[in-house]
Amino acid sequence: MILHRWFAALAVLVSSAAVFASGDAARGAQAFRACAGCHSLAPGDHRTGPSLAGVFGRRAGTADGFRRYSEALRKSGVVWDAQTLDAWLRKPEAVVPGTTMAFRGLPEANLRADLIAYLQAVSGGKIAAPKMPGLPDLRAAGAGDRVSAITHCGDTYRVTLGDGTQHAFWEFNLRFKTDSSAHGPRRGQPVIVGAGMGGDRAQVVFAEPAEISAFIRNHCE
Ligand code: HEC
């Protein structure tokens, strides 16, 4: 009887291993496009979600330096392997209720198997982590993208750029952001990022939050 159960358990193990082994890492690399908007596979490259470098075999919620884990994921006790990843990718919310990964899930079992084969191959160093589309290097911005002054008057911001041009924005159309990473702007040298300067909306990116109000002068022409 005990032996019988043992064989049954072994049979389940073997058959599920076979299912996962059937994943095709090359197809998985294509499927990873669904993840690449939020995840990089390069170590330490955290974006909306944590870097997935070395995710295989790791406890959930423990990627070094990622500060935005939900409490739900941190406390889940999940360890990432073929089975937990399969369930997660099918429906994240079902595995960790309260997770902040805004992803509905992949209903197709084959696609999940491919993705898992790919994640395992990258984690094990069998496939190199792909180069992700880089974030813009604001440190290298030219004069035409560097902001030299911002004034606010009524409902209008006037932004003067390093090339001397001045651009007026309705205050609701100008956003202020920070980028503290290595490709963020230098201190005191905010950079404008927008849909071309003909656009009516833009974003000014600063090195840190304290710079924002210090930089903007109340002034009417
Ligand atoms: C819209 C952004 C987004 C998309 C798309 C997305 N993820 Fe995530 N992912 C996140 C966030 C945010 C977290 C952290 C969730 C939390 O803390 O609850 C996360 C967490 C994870 C984790 C747990 C990592 C850890 O360190 O414990 C894995 C594994 C994962 N995602 C895999 C994937 C895969 C594979 C895909 C593509 C099929 C994908 N994700 C698509 C945002 C995303």
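Residues numbered from 1 in each chain as written. Predicted model: local features only at pLDDT ≥ 70, side-chain atom pairs only at ≥ 80, totals over all residues. Heavy atoms only, no water.

Quick notes on the coordination of the iron atom of the ligand
Where a metal carries four tetrahedral donors, each ideal angle is 109.5 degrees; where it carries six octahedral donors, the ideal angles are 90 or 180 degrees.
Thought 1: At 2.0 to 2.2 Å from the iron atom of the ligand lie its protein donor atoms, namely His39 (NE2) and Met101 (SD).
Thought 2: The class of His39 is buried, set by a relative accessible area of 11%.
Thought 3: Looking at Met101, the relative accessible area reads 25%, which means it is partly exposed. (Donors = N, O, S within 2.8 Å, 3.2 Å for Na, K, Ca; no water. Buried < 20%, exposed > 50% of the residue type's maximum accessible area, 1.4 Å probe, protein only.)

Considering the packing of aromatic side chains
Thought 1: This model, assessed by the stated rule, comprises seven aromatic pairs.
Thought 2: Ring geometry for Tyr157 versus Phe176: centroids 5.2 Å apart, planes at 85 degrees, classification edge-to-face. On the criterion of sequence distance, the pair formed by Tyr157 in strand β2 (residues 156-161) and Phe176 in strand β4 (residues 174-178) is long-range, its members being 19 residues apart.
Thought 3: Look at Tyr157 and you get buried, because its relative accessible area is 12%.
Thought 4: Among the residues examined, Phe176 registers a relative accessible area of 24% and is labelled partly exposed.
Thought 5: Judged by centre distance (5.6 Å) and plane angle (35 degrees), the rings of Trp170 and Phe172 are tilted.
Thought 6: By relative accessible area, which is 48% here, Trp170 ends up partly exposed.
Thought 7: Owing to a relative accessible area of 68%, Phe172 belongs among the exposed residues under this scheme.
Thought 8: Chaining the aromatic ring pairs together yields one cluster made of Tyr157, Phe176, Phe206 and Phe215. (Phe/Tyr/Trp six-rings, centres within 6.5 Å; stacked < 30°, edge-to-face > 60°. Helix = DSSP H or I, 4+ residues; strand = E, 2+ residues; numbered from the N terminus.)

Quick look at the nonpolar core
The tendency in soluble globular proteins is for nonpolar side chains to be buried as a group.
Thought 1: By size, the foremost hydrophobic cluster in this structure holds 27 residues, and its most contacted members are Phe32, Leu41, Leu73, Trp80, Trp88 and Leu115.
Thought 2: Listed by contribution, the elements that provide at least two residues to this core are α2 (25-31), α5 (82-90) and α7 (109-123).
Thought 3: No other element matches the seven residues that α7 contributes to this core.
Thought 4: Discounting residues that sit within four places of it in the chain, Trp80 has contacts with Val55, Phe56, Gly57, Arg58, Arg59, Ala60, Leu73, Leu85 and Trp88.
Thought 5: Within the second largest apolar cluster, 12 residues are counted, among which are Val159, Phe169, Leu174 and Ile212. (Core = buried A, V, L, I, M, F, W, Y, C linked by side-chain atoms within 4.5 Å. Contact = heavy atoms within 4.5 Å.)

Some points on the sheet that holds strand β3 (residues 166-170)
Thought 1: One open sheet holds the four strands; their spatial order is β3-β2-β1-β7, and the pairing between them is mixed. Since the sheet does not close on itself, it has two edges, and those belong to β3 and β7 (216-218), each with one partner. Between one strand and the next, the sheet's axes are offset by a mean angle of 25 degrees, whatever the strand orientation.
Thought 2: Alignment of strand β1 (residues 147-153) against β2, held across six bridges, turns out to be antiparallel. Opposite Ile150, over in β2, you have Val159 as the bridge partner. (Pairing = 2+ DSSP bridges. Axes fitted to C-alpha atoms, helices over the stretch in contact; angles between N-to-C directions.)

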